[in-house]
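Okay, here's what each chain looks like letter by letter:
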Amino acid sequence: MSDRITILALHDLAEALGLRAIAEGMGHDVRLLRPGAPAEVPGMLRQAAEDDVMILSAHGGPRGLFMGEYGKGVDVSLMDGPWLVTARAFDGLALRDDAVLISTACATRESGLAEAVFKTGGHLVAPNGDPQGRVILPWIAACLLSAHKGLPAAVAAANALVEPPDRFSYG
């Protein structure tokens, strides 16, 4: 993984700012992008495609990626509001073979995010299911700390810190 990381913040800013602080604390050059509407995301993804690592800080559900605000304990898949259809956002995007997109969004496989990223030529690291919010920041920190060992080792090291329902996978 590289020294340049782009974070796309698709929901409330707290998680994205935490991720930015972690990455900057590790010496990475971090760019934080915060689209205001689903239509802005494809252009921002194209900007982020210049970097080796993108972090998509988002909440997801079967409908795609939720771009609105929500309260604690609310099932995001039931929310009305702006939803980003994953396939549309990634349509035509090309990533380098070694590029990695780390997503914090739940329901990655249900929303089509995995398929969309694989079509770009990049690698996806994403939750296997619906991890507890409190594990996201330490999980990504552990993954970034182990990145010099390669993607499989970085994911394995981070997964060793959390219970099976909170683990991520890569492809």
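Fair warning: this is a prediction, and the values are worked out from it, not measured in the lab. (Residues numbered from 1 in each chain as written. Predicted model: local features only at pLDDT ≥ 70, side-chain atom pairs only at ≥ 80, totals over all residues. Heavy atoms only, no water.)

Caption draft 1: Structural context of the sheet that holds strand S7 (residues 100–103). The strand order S2-S1-S3-S7-S8-S9 describes an open sheet built from six strands, whose pairing is mixed. Every interior strand has two partners, whereas the edge strands, strand S2 (29–33) and strand S9 (168–170), have only one. Strand after strand, the sheet turns through a mean of 15 degrees between neighbouring axes, direction not considered. Direction of pairing for strand S1 (residues 4–9) relative to S2: parallel, over a ladder of five bridges. Looking at the pairing, Arg 4 lines up with Asp 29 of S2. Of the strands in this sheet, S1, S2 and strand S3 (53–57) touch helix H1 (residues 13–25), which is tilted by about 170 degrees from S2. Against the sheet, helix H5 (residues 113–120) touches S3, S7 and strand S8 (123–127), its axis set at about 165 degrees to S8. (Pairing = 2+ DSSP bridges. Helix = DSSP H or I, 4+ residues; strand = E, 2+ residues; numbered from the N terminus. Axes fitted to C-alpha atoms, helices over the stretch in contact; angles between N-to-C directions. Contact = heavy atoms within 4.5 Å.)

Caption draft 2: Focus on the environment of Ala 58. Take Ala 58: it is sitting in the loop between S3 and strand S4 (59–61). The exposure class of Ala 58 is buried, given its relative accessible area of 2%. Other than its neighbours up to four places away in sequence, Ala 58 contacts Leu 10, His 11, Glu 15, Leu 65, Thr 104 and Ala 105. (Buried < 20%, exposed > 50% of the residue type's maximum accessible area, 1.4 Å probe, protein only.)

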